Amino acid sequence: LLNGETISVTHRIAEYTTASNLTIPNISELGFGVYTCIVDDGFYDAVNESITVVETDELYFVGGQTTIQANTAIGGRLALVCPTVRGGIGNHTVSFVRGSSTLNSDLERVTVNSIPSGGIEVVIDPVLSEDAGRYRCTATDGVTSITLQYEVNFLECLDRDIRLVNGPTALEGRVEICLRREWGTVCDDLWGIRNAQVVCTELGHTSVGAVALSSARYGQGTGPIWLDDVQCFGSEPRLSDCRHRGIGVENCAHSEDASVMCQPAANCSDGDVRLVNGSTGLEGRVEICYRRFWGAVCDNQWD
């Protein structure tokens, strides 16, 4: 009897039939052995029916699956779980392999964890392009074995990721955002400098000098227009954290795709000071680092 199977016992009294159904959701907790079904109509002597529940000799994974689709993206985190094994005639041994090679827990980005139910979890973080393919979880009792296979598929992108497209450099281009695992554009309604600052910061550039561009300056995109009426304060860590009408709620065309132009982040920390264009290191124009960007200081009241 496998976990979750239903035991049905039927007794016939005169012309009536009474059925009693017993479901055992987790046989490993209740234990195997003899269960008794008691039928009592209140008039006649109660009838007892004994049912013996034994473990199957066949190995099986709890859940009964043999193939699982695992979806991730390059740079994402992939967790593959080999579930609890039941049945068999001896102790269980579980192993995880990719193709014909056993996954090595010594690899920096691969960890193998034991889970309380007796299975194992393999975590690959980050996922690289060579991690595509088939993974197999194999369990054996020393005599027979069973296999659970994972088909690892790569998604085009991770939700909330952003990118700049069609610009001459990585610092500028049409803004695209990944939502519902698909790249789409942002409408330029209400598109302004604070929105551009958030985009540039999220991409690792400085927010200083960010420029918001509209009317598909870097060409029209394709696919969904994910965001419209985006309003950022400028301090949000991600563009998706800014206010908008809702995912996919828009009244735009791709001729209104939003774009930005960012400035490269300087190799400095906020508050750093330097002298520039002097004949020696002891003189020059004063510049200060703010938001990872060098800028000048006005000479009003300078003394």
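All residue numbers refer to positions counted from 1 along the written sequence of the respective chain. A pLDDT threshold of at least 70 governs which residues receive local features in this predicted model, and a stricter bar of 80 or more applies before side-chain atom pairs are shown or counted, although totals over entire chains, interfaces and linings include all residues. Neither water nor hydrogens contribute to the side-chain values; these are computed over all heavy atoms in the structure.

(A) Layout of the overall build of the protein. Here a strand is any run of E in DSSP of at least two residues, a helix any run of H or I of at least four, and the numbering for each starts at the N terminus. When its secondary structure is counted, the protein shows two helices and 23 strands. Scored against the burial criterion, the 303 residues of the protein give a buried share of 35%. Put simply, of all contacts in the protein between residues at least 6 apart along the chain, 59% involve residues at least 24 apart. Working definition of accessibility: Shrake-Rupley area with a 1.4 Å probe, residue cover restricted to the visible protein chains. Only carbon and sulfur atoms are counted for the fraction: they give 48% of the accessible area of the protein, which is about 17,600 Å². For each residue, the accessible area found with a 1.4 Å probe, counting protein chains only, is set against the maximum for its type, and the residue is called buried under 20%, exposed over 50%, and partly exposed in between. Here a residue-residue contact requires only that any non-hydrogen atoms of the pair lie within 4.5 Å.

(B) Structural view of the sheet that holds strand E12 (residues 120-124). Taken in spatial order, the three strands make up an open sheet running E7-E12-E11, and their pairing is antiparallel. Two strands bound the open sheet, and with one partner strand each, they are strand E7 (78-82) and strand E11 (110-114). Each adjacent strand pair in this sheet contributes to an overall mean axis angle of 15°, direction not counted. Whether two strands pair depends on DSSP finding at least two bridges between them. Summarising the sheet, E7 and E12 pair through five bridges and their orientation is antiparallel. Axis definition: a line fit to C-alpha positions, over the contact stretch in the case of helices; interaxial angles, taken between N-to-C directions, run 0 to 180 degrees.

(C) Just the pattern of salt bridges, in detail. Any carboxyl oxygen of Asp or Glu within 4 Å of a side-chain nitrogen of Lys or Arg constitutes a salt bridge here. A complete count under the given rule lists nine salt bridges for this structure. Close ionic contact of Asp241 with Arg160 constitutes a salt bridge, the shortest N to O distance being 2.6 Å. Pair noted here: Asp241 is in the loop between strand E19 (225-227) and strand E20 (259-263) and Arg160 is in the loop between strand E14 (145-154) and strand E15 (162-165), with a separation of 81 residues, a long-range link. The partner of Arg238 in a salt bridge is Asp161, with the nearest N and O atoms 3.5 Å apart. Of this pair, Arg238 sits in the loop between E19 and E20 while Asp161 sits in the loop between E14 and E15, placing them 77 residues apart in sequence. The exposure class assigned to Arg238 is partly exposed, which follows from its relative accessible area of 25%.

(D) Molecular detail of unusual backbone geometry. In this model, Asp125 is joined to Pro126 through a cis peptide bond whose omega is 0°. With respect to the helices and strands, Pro126 occurs in the loop between E12 and strand E13 (133-140). Of note, Asn166 is a non-glycine position whose phi angle comes to about 70°, a positive value. Within the secondary structure layout, Asn166 lies in the loop between E15 and strand E16 (172-179). Of the residues examined, Asn166 reaches a relative accessible area of 54% and is grouped as exposed. Despite not being glycine, Leu190 shows a phi value in the positive range, around 65°. Tracing the sequence through the fold places Leu190 in the loop between strand E17 (182-186) and helix H2 (193-202).

(E) Summary view of the nonpolar core. In this structure, Val175, Val186, Trp191, Val199, Val230, Leu239 and Val260 are the most contacted members of the largest nonpolar core, which totals 21 residues. Sorting the residues of this core by element identifies E15, E16, H2, E19 and E20 as the ones contributing at least two each. Setting aside its immediate chain neighbours within four residues, Val186 contacts Val175, Ile177, Trp191, Ile225, Leu227, Val230, Leu239, Glu256, Asp257 and Ala258. Val127, Tyr135, Cys137 and Tyr150 belong to the second-largest nonpolar core, a separate cluster that totals 20 residues. As used here, the term nonpolar core means buried Ala, Val, Leu, Ile, Met, Phe, Trp, Tyr and Cys residues forming a set that is joined through side-chain atoms within 4.5 Å.

(F) Structural context of a nonpolar patch on the surface. Two distance rules govern patches: like charges are joined within 9 Å, and nonpolar side chains (Val, Leu, Ile, Met, Phe, Trp, Tyr) within 5 Å, applied only to residues with over 30% relative accessible area and no salt bridge. Side chains of Val273, Ile288, Val297 and Trp302 sit close together on the surface and give an oily, nonpolar patch of about 390 Å² of accessible area. The topology assignment puts Trp302 in the segment after strand E23 (293-296).

(G) A look at H2. Of the residues making up H2, those classed as buried are Asn195, Ala196, Gln197, Val198, Val199 and Cys200. Contacts from the buried residues of H2 go to E15, E16, strand E18 (206-213) and E20.

(H) Expanded view of the pairing of E17. Here E17 lies mainly inside the structure; four of its five residues are buried. Bridge analysis of E16 against E17 gives four bridges, and the strand direction is antiparallel. Residue pairing in the sheet places Cys178 in a bridge with Trp183 of E17. Counted between consecutive antiparallel strands, the loop separating E16 from E17 contains two residues, among which Arg180 sits at a positive phi close to 50°. Bridge count for E17 against E19 is two bridges, and the pairing is parallel. Each bridged residue has a counterpart across the sheet, and for Val186 the counterpart in E19 is Leu227.

(I) Representation of the side chain of His205 within the structure. Assignment of secondary structure puts His205 in the loop between H2 and E18. Judged by relative accessible area, His205 falls into the buried class, the value being 16%. Discounting residues that sit within four places of it in the chain, His205 has contacts with Ala170, Leu171, Cys200, Cys262, Gln263 and Ala265.

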